[in-house]
Amino acid sequence: MQLDTRAQTLLKALVERYIADGQPVGSRALSKISGLDLSPATIRNIMADLEEMGYVASPHTSAGRVPTPRGYRIFVDTLLTVQHFDEHAVEGRMRLQAPQPQKMIANAAQMLSSLSQFAGVVLSPRRESVFQQIEFLRLSEKRILLVIVGPTGDVQNRLLLTDVDYTPAQLVQSANYINQNYGGLGFDEVRTRMQAELRQLRDDMGRLMQAAVEAGSEAMADSSDDMVIAGERNLLSVSDLSSNMTSLRQMFDMFEQKTGLMQLLDVSSKASGVQIYIGGESNLVPMDEMSVVTAPYAANGKIVGTLGVIGPTRMAYERVIPIVDITAKLLSNALSHH
């Protein structure tokens, strides 16, 4: 439903005032802050219409009104004036450059949190399952440790339980075969090639190599969904989110489980630019009083992950949106020039 200009002006004034002080806003206050030359009766009528449309609600204890999730949605989509944020000032405050991509990502989460004063979250890039080399270490009769070294020198370990006792010479030979023929490729590609090339190697060594490739690709998949969260403690001082035990418990569950957040960030990586998920409206947000502002980030032109700010629905969106937007750009630049 289209809102006329007066209704839009009043809704914008109401949401901004409510975000600023958290108190229901009455008609008298609205007539002062909206700058509209309207009688109190006209303002009351427009507010009644907005309430009927589901954009504002009246808490039973007060004469004023508060925005609903739907009211916040129309506010962020059409009424919001995003603040201009000086990119260089942000860059000057926080250095994202770091020797390892993982450190850059941690810095970005920290930066989102300190600039917004809420929680910053970054979903790490899904790692390509590429390996530089592997090694086998014999632990005991039928237990072998598979050591996988990634392209950036990061190491993953996996335990292989075998039905054959391999000699150290066989382990070295198998590792050499994989490293010489497949080093620098992704495990999925190795699996396909190996199946064709090892048909003639139907022996124990072939079985060991196939087990290593299966375990390797699992190890890479497990380590790809890392999520970095900074500043959860900031949310404890937000009364809207921590005012009662139920919401506190919901919040801690969310940070502990992480699955809901991962889903949300995963969905938003497929969208372009800044997305806003408002609790009570988006099923992806685990709490009604919470909003998540996200943006995807890229490395060398390819989107590799998502970052965002988690805060109350009553947040200063006009400040948070540019913070998220600029951090995504800075992280993309830092990762691309790495």
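Now for a look at the structure at hand. Since the structure is predicted, the reported quantities are computational estimates derived from the model, not experimental observations.

Turning our attention to the overall build of the protein chain. Within the protein chain, the regular secondary structure consists of 13 helices and 10 strands. With the principal axes as the frame, the protein chain shows a C-alpha extent of 90 × 40 × 35 Å. Relative to its full complement of 338 residues, the protein chain shows a buried share of 46%. In the protein chain, the proportion of contacts linking residues at least 24 apart, taken out of those at least 6 apart, comes to 60%. With an accessible surface of roughly 17000 Å², the protein chain has 48% of that area assigned to carbon and sulfur atoms. Charge separation in the protein chain, taken as the distance between the mean sites of 31 positive and 37 negative side-chain charges, equals 3 Å.

Looking now at unusual backbone geometry. A positive phi angle, close to 70°, is found at glutamine 117, a residue other than glycine. Topologically, glutamine 117 is positioned in the loop between helix H6 (101-116) and strand S3 (119-123). Of note in this structure, asparagine 300 is not a glycine but carries a positive phi near 50°. If you trace the backbone, asparagine 300 turns up in the loop between strand S9 (290-299) and strand S10 (302-312).

Right, let's talk about the sheet that holds strand S8 (residues 275-278) for a bit. One open sheet holds the five strands; their spatial order is S7-S3-S10-S9-S8, and the pairing between them is antiparallel. Since the sheet does not close on itself, it has two edges, and those belong to strand S7 (227-230) and S8, each with one partner. Each strand of the sheet is rotated relative to its neighbour by a mean of 20°, with strand direction disregarded. Note: S3 against S10, five bridges, orientation antiparallel. When the sheet's bridge partners are listed, leucine 123 is paired in S10 with threonine 306. Where helix H12 (residues 259-269) meets the sheet, it contacts S3, S7, S8, S9 and S10, and its direction lies at approximately 55° from that of S9.

An α-helix turns once every 3.6 residues. As a result, residues three or four positions apart point the same way. Compared with the 22 Å implied by 1.5 Å per residue over 16 residues, the 23 Å span of H6 between its first and last C-alpha is a close match. What H6 keeps buried is the set Met104, Ile105, Asn107, Ala108, Ala109, Met111, Leu112, Ser113, Leu115 and Ser116.

Overall, the coordinates contain three aromatic pairs when judged by the stated rule. Ring plane angle 55° and centroid distance 6.1 Å describe the contact between tyrosine 72 and tyrosine 317, whose orientation is recorded as tilted. Of this pair, tyrosine 72 sits in helix H4 (residues 69-79) while tyrosine 317 sits in helix H13 (residues 317-336); the two residues are 245 residues apart in sequence, bridging distant segments of the chain. With relative accessibility at 4%, the residue tyrosine 72 sits in the buried group. Judged by its relative accessible area of 0%, tyrosine 317 falls in the buried class. Plain terms: the ring middles of tyrosine 177 and tyrosine 182 are 6.2 Å apart, the flat faces sit at 70° to each other, and that makes the pair edge-to-face. Judged by relative accessible area, tyrosine 182 falls into the buried class, the value being 1%.

If you look at the biggest cluster of nonpolar residues, it comprises 78 residues, and the most contacted ones within it are Ile310 and Tyr317. If one sorts the elements of this core by residue count, H13 sits on top with 11 residues. Those residues in contact with tyrosine 317, other than ones at most four positions away along the chain, are Ile19, Tyr72, Phe75, Val76, Leu80, Ile276, Ile278, Ser291, Val293, Pro312 and Pro322. Counting residues in each nonpolar core, the second largest holds 24 residues, with Ile144, Ala175, Met205 and Ala212 among its members.

Our focus in this paragraph is the sheet that holds strand S5 (residues 143-149). As summarised here, the arrangement of the three strands in space is S4-S5-S6, forming an open sheet in which the pairing is antiparallel. This sheet does not close on itself; its edge strands, each paired only once, are strand S4 (133-140) and strand S6 (155-161). Between one strand axis and the next, the sheet turns by 25° as a mean value, whatever way the strands run.

Calculation notes
- Residues numbered from 1 in each chain as written.
- Predicted model: local features only at pLDDT ≥ 70, side-chain atom pairs only at ≥ 80, totals over all residues.
- Heavy atoms only, no water.
- Helix = DSSP H or I, 4+ residues; strand = E, 2+ residues; numbered from the N terminus.
- Buried < 20%, exposed > 50% of the residue type's maximum accessible area, 1.4 Å probe, protein only.
- Contact = heavy atoms within 4.5 Å.
- Areas by Shrake-Rupley, 256 points an atom, 1.4 Å probe, with all protein chains shown as cover.
- Lys, Arg positive; Asp, Glu negative; His and termini not counted.
- Charge placed at Lys NZ, Arg CZ, Asp CG, Glu CD.
- Pairing = 2+ DSSP bridges.
- Axes fitted to C-alpha atoms, helices over the stretch in contact; angles between N-to-C directions.
- Expected span 1.5 Å × (residues − 1).
- Phe/Tyr/Trp six-rings, centres within 6.5 Å; stacked < 30°, edge-to-face > 60°.
- Core = buried A, V, L, I, M, F, W, Y, C linked by side-chain atoms within 4.5 Å.

Coordinates in, geometry out; function isn't part of it.
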